[in-house]
Amino acid sequence: ARIWNKYGGVLEPLANKIGIAVGAAVAVVAIESGGSGLGPNGRMIIRFENHLFWFNWGKANAATFNQFFQFDQTVTWRGHKFRTQANAQWQDVHANQASEWAALTHARTLDDGAAKKSISMGLVQILGSNHRTIGYDTVDAMFDAFSADERFQLLGFFNFVKNDQRQVNALQANDFVAFARIYNGPGQPDHYGGLIKGVFDGFKTLQGV
């Protein structure tokens, strides 16, 4: 209800434009970000992905990367830790938004562009590496727009979905596990799909459908 009240005026016409239920759009927004694209301090909600920073920069600079970042080599989305000094204690990247931003800020001192490509941004957590897919020539342009206004984040989400017919098909069929497998990647699609379905069903109840 909170998401609908806040973003419904943007979500409904965009959902109609690509032929998906507005409840599906509401559910994705709710699960990907908890319903907020900007934190209480006005800073964009992000998730810094160590394994993507490894791919985007660290692999070619392994010694430096390993001084400051860790991740599970077997299950790459786990075990994300960082530190800003070579001999400091390791910290969890995903403890809260302060730690996410601290990890990003340090990564930016190593390679700004690669660091921004390694984060999920805003309401629907679109990776910076997808900037061209949603209409931005550079990751910097996407980062600046998403930081400025949640409406750009929502527009980015619909551009991202409409440019991948697999995602459109999955949402039109209310197949949220299939959508999560594409949108979130292979890690835990059943988990994320189930969460999206839960919000989708709840939204239908609110609508009296």
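First things first, this report covers the structure right here in the doc.

Conventions used here
- Residues numbered from 1 in each chain as written.
- Predicted model: local features only at pLDDT ≥ 70, side-chain atom pairs only at ≥ 80, totals over all residues.
- Heavy atoms only, no water.
- Buried < 20%, exposed > 50% of the residue type's maximum accessible area, 1.4 Å probe, protein only.
- Helix = DSSP H or I, 4+ residues; strand = E, 2+ residues; numbered from the N terminus.
- Arc of directions from axis to C-beta.
- Contact = heavy atoms within 4.5 Å.
- Pairing = 2+ DSSP bridges.
- Phe/Tyr/Trp six-rings, centres within 6.5 Å; stacked < 30°, edge-to-face > 60°.
- Lys NZ or Arg CZ within 6 Å of the ring centre and 35° of its normal.
- Axes fitted to C-alpha atoms, helices over the stretch in contact; angles between N-to-C directions.
- Parallel < 35°, antiparallel > 145°, perpendicular 65-115°, else oblique.
- Nonpolar A, V, L, I, M, F, W, Y, C, P; charged D, E, K, R; others polar.
- 1 Å grid on protein atoms, 1.4 Å probe; cavity = no way out; pocket = protein on both sides within 12 Å on 5 of 7 lines; lining within 4 Å.
- Points joined across faces, edges and corners; volume = space filled by probe spheres on them.
- Salt bridge = Lys/Arg side-chain N within 4 Å of Asp/Glu carboxyl O.

With that settled, consider helix 10 (residues 176-183). Where helix 10 is concerned, the buried positions are Phe176, Phe179, Ala180 and Tyr183. One face of helix 10 carries all of its buried residues, which in axial projection span an arc of 100°. Tucked inside the fold, the buried residues of helix 10 contact helix 2 (22-33), strand 6 (126-127), helix 8 (150-162), helix 9 (165-172) and helix 11 (189-207). Looking one or two residues past helix 10, Gly185 carries a phi angle of roughly 95°, positive in sign.

As a further point, take the sheet that holds strand 4 (residues 91-92). Strand order in the open sheet formed by three strands is 2-3-4, and the pairing between neighbours is antiparallel. Both outer strands of the open sheet, strand 2 (69-70) and strand 4, are each paired with one neighbouring strand and no more. Judged from the two bridges that link them, strand 3 (residues 81-82) and strand 4 form a sheet pairing that is antiparallel. By the bridge assignment for strand 4, Lys81 is matched with Asp92.

The final tally for this structure, using the stated rule, is 17 aromatic pairs. On the numbers, 5.5 Å between centres and 80° between planes, the contact of Phe160 with Tyr183 is edge-to-face. Here Tyr183 lies in helix 10 and Phe160 lies in helix 8, a separation of 23 residues in the sequence. This pair shows no difference in class: Phe160 is buried, exactly as Tyr183 is. Of the aromatic side chains, those joined through ring pairs into one cluster are Phe48, Phe53, Trp54, Trp57, Phe65, Phe69 and Phe71. Seen from the ring of Phe143, Lys116 lies directly overhead, with NZ or CZ sitting 4.8 Å from the centre.

At a minimum axis separation of 6 Å, helix 8 and helix 9 run at an interaxial angle of 100°. Comparing the axis directions of helix 8 and helix 9 gives the class roughly perpendicular. On the side of helix 8, the interface is formed by Phe160, Val161 and Lys162, while helix 9 contributes Gln167, Val168 and Leu171. Per-class residue counts for the contact of helix 8 with helix 9 are four nonpolar, one polar and one charged.

The topology assignment puts Trp90 in the loop between strand 3 and strand 4. Taking relative accessible area as the criterion, Trp90 reaches 24% and is therefore assigned partly exposed. The spacing of Trp90 and Phe68 is 22 residues in sequence and 8.4 Å in space, taken between C-alpha atoms. Setting aside residues up to four positions removed in sequence, Trp90 forms contacts with Asn66, Gln67, Phe68, Phe69, Gln70, Lys81, Phe82 and Arg83.

Roughly 770 Å³ of volume is contained in the largest pocket. In this structure, the largest pocket is lined by 28 residues; those nearest its centre are Arg47, Glu49, Ser120, Asn184 and Gly185. Of all elements in the fold, only helix 2, strand 1 (46-48), helix 3 (50-56), helix 5 (97-110), strand 6 and helix 10 reach the threshold of two or more residues within the lining of the largest pocket. The greatest single-element share of the lining of the largest pocket, amounting to three residues, is contributed by helix 2.

Time to look at the pattern of salt bridges. Pairs can form between side chains of opposite charge once their charged atoms are near each other. Applying the stated criterion across every chain, the model contains nine salt bridges. Of the charged contacts in the structure, one is a salt bridge between Lys6 and Glu150, with a shortest N-O distance of 3.7 Å. Of the two residues, Lys6 is situated in helix 1 (residues 2-18) and Glu150 in helix 8; the sequence distance between them amounts to 144 residues. According to the relative accessible area criterion, Glu150 is buried, its value standing at 13%. Linking Arg47 and Glu49 is a salt bridge whose minimum nitrogen-to-oxygen distance equals 2.8 Å. Take Glu49: its relative accessible area is 9%, and that puts it in the buried class.

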